[in-house]
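Residue-level structure breakdown
Given next are the chains, with one letter for each unit.
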Amino acid sequence: PVVIGGVVIDHEDQKWTDKEGKYTDAPNSIYTTQLGVVAHSDGDVIYHSLVDAIFGALTLPDIGQVFQDTDPRWRGCDSSKFMEHAYDVMKYYGYQIGNIDVTLILERPKVAGFKPRMKENIVRLLHTTEGRVNIKARTHEKLDSMGELRSLSCHVVVTLEKVVGDKEE
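What this report covers is the structure whose coordinates are included nearby. All values reported here derive from a predicted model rather than from experimental measurement.

1. Side note on the overall build of the protein
- Secondary structure summary: the protein contains five helices and seven strands in total.
- When the helices and strands of the protein are read in sequence order from the N terminus, they spell out β-β-β-β-α-α-α-β-α-β-α-β.
- Relative to its full complement of 169 residues, the protein shows a buried share of 44%.
- Across the protein, contacts joining residues at least 24 apart in sequence account for 71% of those joining residues at least 6 apart.
- A total of about 9,700 Å² of accessible surface is found on the protein, and carbon and sulfur atoms cover 50% of it.

2. So, the sheet that holds strand β5 (residues 95-105)
- Here we have three strands laid out as an open sheet, ordered β6-β5-β7, and mixed in their pairing. Looking at which strands have only one partner, the edges of the open sheet turn out to be β6 (133-138) and β7 (153-162). Averaged over neighbouring strand pairs, the angle between their axes works out to 10 degrees when direction is ignored.
- Sheet topology note: the β5/β6 ladder contains six bridges and is parallel. Within β6, the residue paired with isoleucine 100 across the bridge is valine 133.
- Packed on one face of the sheet, helix α4 (residues 115-125) meets β5 and β6 and runs near 145 degrees to β6.

3. Here we look at the packing of aromatic side chains
- Considering all chains together, one arrives at one aromatic pair under this definition.
- Each ring, one from tyrosine 92 and one from tyrosine 93, has its centre 5.3 Å from the other, and the planes form 90 degrees; the classification is edge-to-face.

Rules used in this analysis
- Residues numbered from 1 in each chain as written.
- Predicted model: local features only at pLDDT ≥ 70, side-chain atom pairs only at ≥ 80, totals over all residues.
- Heavy atoms only, no water.
- Helix = DSSP H or I, 4+ residues; strand = E, 2+ residues; numbered from the N terminus.
- Buried < 20%, exposed > 50% of the residue type's maximum accessible area, 1.4 Å probe, protein only.
- Contact = heavy atoms within 4.5 Å.
- Areas by Shrake-Rupley, 256 points an atom, 1.4 Å probe, with all protein chains shown as cover.
- Pairing = 2+ DSSP bridges.
- Axes fitted to C-alpha atoms, helices over the stretch in contact; angles between N-to-C directions.
- Phe/Tyr/Trp six-rings, centres within 6.5 Å; stacked < 30°, edge-to-face > 60°.

Below is the structure:
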């Protein structure tokens, strides 16, 4: 399975490959592949990208410096813990989410049906509203490592708003 946006997606994906395992449009041999992410934690690409975006907006070190992959505490860790920490840090500095725009780039698994749950998870973990979170997904049309099902990518743009007084929206 792969974890994206706090949603565990179990899937078995088939792709056509040649003898060297390279993607081809002609089905010479069909190999069943189970896609996943190689990571020290659970590797949730959306959560990791969001944490990095929040830390970046606050001009803080990146996620790899805060949650080092050499630290056994983070092995297999649920990335929602990183999101909770990012929220606490953001709140400590007096900010709240303005807007979040997520672009997930991958061929498989298809995530359209999972986006509402991903959004709910982000809203809950970052104490914001649905109207401030957008999630898009696209493919690379079988080009490069993403198109060949060897990788995926996530781009996040986040704006933070200074909290005035004790109120959070």
